[in-house]
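# Architecture and fold: a report
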Amino acid sequence: MGACSSCCIPRQSGNECHENHSKIVGEKSGHRRNLSATFNMTIMEEGVSADQNQNLIDINFATEEELMTLPGINRAKAQNIIEYRKQIGGFKRVEDVALVSGIGAAIFSAIRMEICVGHRKSFSNGNIPFEGSKQESPVSVPRKENSMVNINIASVIQLMKLDKLGPVLAENIVAYRDKNGPFKNIDGITNVKGIGPHILGAIRNQICVDDLGDNVSQASSKKSQKSSQGILISTGKTYDLYPNGSSQLELGSSAENMLELLKPLVEKHPRPHQESQFKFKCKNRIAVRIATWNLEQFSIDKVNNPGVKEVVCRTILENGFGILVVQELADQEALQKICDELNNPSLPRIQKWIGHRGKWKCVVSEATGRMYQSQEYNGFLYDTSQKIHLVSSDLLAKPKKRQTQFVRRPFIGTFKIGKFDAVLVSVHLKATGLDNEDLSKLQEEINKIPYLLEAIKDHLPGEEDIIILGDFNLTPTADDFECLRIQDYSNCIAAGTFTNISNANPNGSQTYDNIWISKDTQAVYTGDSGVVRKGLTHGLIPHGWGLGGVVSDHCPVWAQFYTGKDLDNGDLFIGPDTIQFSLVSDP
């Protein structure tokens, strides 16, 4: 089928060797900037420093050409942004850019993490400095201690800073606003469940319906109403706990204080009832569950959100996973945070888990390629107490020629699981695009998978247990997967068993994540597989301007295998500990 070349370098297993192509957790990450500060629950000071904004585009000073570097911004839209900021005397917050003609909620969502609003001292009398003139570095202006809270755009966390408003009432305000639109005046807040004249009287002097306070013009109110339809109502993809550059809730230095304050929100999302726990056996034979999960831009900031960490760890424990293959790591250290929490739990619901805990290790790849705003890394998280041993791990080598084989290179791990050994291939294939404009590129990547399988067999003679798992971005019944079916590979997750999830569509609509197994592996496949859909939301995970979001837009999927024997004659311990896989032939 296809030839391969090898770079056989004696090494230790991936989590021990500092020269391995797999990233040893704890080293410094190299992508341009953190992806998801919006998930961060850490107590921090108000305002954002110039250093934090140095990689962002300042929409108050950016030239036409600089604006055109943003996703979705062409020359016409860049000109509209510049013209609009001249008319209004400069943007007060990044959300204002959604009001520009041709921008709207969709484009704003795409550029939200790429932009900032610079210092406006030079905007006196509404005058904008000469385009292209040098200005001081953009610095976010900290909110004054006595500034009002705009109840039409404030997040749950911001609303909780008001007198007499706890998390439940704050969430009620956001829910009412999302359903009914912005408040026309501050008296309208009494329509919210639980808020009457007494509470309004206590907070009247702390709230407004426009950034300029209650004394706003009718035209300004109309603008606020219009903008709410574009950017204030939750889209399910905006994760900002603290919009408009405002600070987090001031709770002192103790994270426990925050968790205690937000306890009512947490209790609204109890863990799902487990009818029966996996006993690591099937028909009285030892078995293991191998799972894959695209954790959607999983950064250090995201995993530091206790709601995110709890959902990921409890999902692993409740479903008895032995190996979890992870895509879309935005920071190489993020997976180690999960590993540490599993081994030494700090969160109450992880501490209270009474089932099998395991002893966990993880290994993370070098950058597989690019994803939105950062490099992507893949990882293997595995429970050594289930007699799982990682022999080696590596990325598919980059081709010597400059042709691109995969947008994100597959991450390959060889495992001994009891008496069973297998090669696991983590993939995150090219997305098709909103209008399927990249479908042909996805098809090209799928067509290269058989060549990768041939390379694995050439390097590991006799090894027939190969499992390909991850985000395929295409339903398994598509004709494109015929190249796998003719080699007797079969998918464990059936078409129509949806693997995506959102707050708006909790039942899903697509079967993109899957596990494909070779003919030999089918002999040890117990026939059990599943998609975990329950327990993926949490009261501390942002959802638009409120809370209660999903941890990822992908569900974890798993398949179960017997580990008591190995039917092929391959030996993963033959030869060097680590093999670098590469393709030298293309379809």
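Residues numbered from 1 in each chain as written. Predicted model: local features only at pLDDT ≥ 70, side-chain atom pairs only at ≥ 80, totals over all residues. Heavy atoms only, no water.

Looking at an unreviewed UniProt entry, one finds the protein named Endonuclease/exonuclease/phosphatase family domain-containing protein 1 and attributed to Potamilus streckersoni.

## With respect to the confidence of the model for the protein
Residues of the protein with pLDDT of at least 70 account for 70%, and the chain-wide mean is 75. Predicted confidence for residues 574–579 stays below pLDDT 50, and this span has 18 contacts to residues more than four positions away or in other chains. (pLDDT = per-residue confidence, 0-100. Contact = heavy atoms within 4.5 Å.)

## Some remarks on the nonpolar core
Counting residues in hydrophobic clusters, the biggest one holds 37 residues, and the most contacted among them are F298, V312, I316, L324, I338, L342 and L381. When contributions to this core are tallied by element, the ones reaching two or more residues are β8 (285–298), α11 (300–303), α12 (306–318), β9 (321–329), α13 (334–343), β10 (360–365) and β12 (374–383). Top element by residues in this core is α12. It accounts for six residues. Ignoring any residue separated from it by four or fewer positions in sequence, one finds I316 in contact with F321, L324, I338, L342, W360 and L381. (Core = buried A, V, L, I, M, F, W, Y, C linked by side-chain atoms within 4.5 Å. Buried < 20%, exposed > 50% of the residue type's maximum accessible area, 1.4 Å probe, protein only. Helix = DSSP H or I, 4+ residues; strand = E, 2+ residues; numbered from the N terminus.)

## Concerning the UniProt feature "domain: Helix-hairpin-helix DNA-binding motif class" (unreviewed entry) in the protein
Taking the numbering used here, the UniProt-annotated feature "domain: Helix-hairpin-helix DNA-binding motif class" (unreviewed entry) corresponds to residues 65–84, 95–114, 157–176 and 187–206. For the annotated span residues 187–206, helix accounts for 35% and strand for 0% of the residues, and the straight-line distance between the end C-alpha atoms is 13 Å. (UniProt positions renumbered as here; feature names shortened; annotations may be inferred.)

## A word on the sheet that holds strand β14 (residues 411–417)
Reading across from one edge, β13-β14-β15-β16-β18-β17 is the order of the six strands in this open sheet, with mixed pairing throughout. The strands lining the two open edges of the sheet, one partner per strand, are β13 (388–395) and β17 (490–491). In terms of strand pairing, β13 meets β14 through seven bridges, oriented antiparallel. Across the sheet, the residue bridging to S392 is T414, located in β14. Here helix α15 (residues 439–459) sits on the sheet and contacts β14, β15 (420–428) and β16 (466–471); the angle it forms with β16, its principal contact strand, is near 140°. (Pairing = 2+ DSSP bridges. Axes fitted to C-alpha atoms, helices over the stretch in contact; angles between N-to-C directions.)

## Comments concerning the pairing of β10
Judged by how many residues are buried, β10 sits mostly within the fold: five of six residues are covered. As paired elements, β10 and β12 share five bridges and run antiparallel to each other. For W360, the partnering residue across the bridge sits in β12 and is D383.

## Overview of α12
In this model α12 runs 18 Å from its N-terminal to its C-terminal C-alpha over 13 residues, within 8% of the 18 Å that 1.5 Å per residue would give. Most of α12 sits out of view: 13 of its 13 residues are buried. (Expected span 1.5 Å × (residues − 1).)

## Considerations on the packing of α12 against α13
Interaxial distance between α12 and α13 falls to 10 Å at its minimum, and their mutual angle equals 60°. Taken as a pair, α12 and α13 cross one another with a handedness that is right-handed. On α13, the residues that touch K309, V312, C313, I316 and L317 of α12 are I338, E341 and L342. Of the residues in the contact of α12 with α13, the class split is six nonpolar, no polar and two charged. (Left-handed = near helix turned anticlockwise from the far one by under 90°. Nonpolar A, V, L, I, M, F, W, Y, C, P; charged D, E, K, R; others polar.)

## What to know about the pattern of salt bridges
Pairs may arise between side chains of opposite charge once their charged atoms sit close together. Going through the model one piece at a time under the given rule, you end up with ten salt bridges. Here R204 and D187 are joined by a salt bridge, their closest N and O atoms 2.9 Å apart. Of this pair, R204 sits in the loop between α7 (197–203) and β6 (207–208) while D187 sits in the loop between α6 (167–180) and α7, and the two are 17 residues apart along the sequence. Given a relative accessible area of 34%, R204 falls into the partly exposed group. Of the charged contacts, one joins D421 and K416 as a salt bridge, the two residues approaching to 3.4 Å between their closest N and O atoms. In the salt-bridge network here, residues are joined through shared partners; they are R271, R314 and E318. (Salt bridge = Lys/Arg side-chain N within 4 Å of Asp/Glu carboxyl O.)

## Topic: the side chain of H428
Inspection of the secondary structure assignment puts H428 in strand β15. Among the residues examined, H428 registers a relative accessible area of 6% and is labelled buried. In terms of polar contacts, H428 uses its side chain to reach the side chain of E376, at 2.9 Å. (Polar contact = N/O pair within 3.5 Å; in protein donor to acceptor, adjacent residues only side chain to side chain.)

## Some points on helix α3 (residues 75–88)
With 14 residues, α3 ought to run about 20 Å at 1.5 Å a step, and its terminal C-alpha atoms sit 20 Å apart, in line with that. Of all the positions in α3, only K77, A78, I81, I82, Y84 and R85 are classed as buried. Seen along its axis, α3 keeps its buried residues to an arc of 165°; they face one direction. Downstream of α3 by one or two residues, G89 has phi in the positive range, about 80°. (Arc of directions from axis to C-beta.)

## Regarding the side chain of D480
Secondary-structure assignment places D480 in the loop between β16 and α16 (482–485). Side chain to side chain, D480 and Q443 meet in a polar contact 3.1 Å long. D480 has contacts with Q443, I446, N447 and L474, leaving out every residue within four places of it along the chain.

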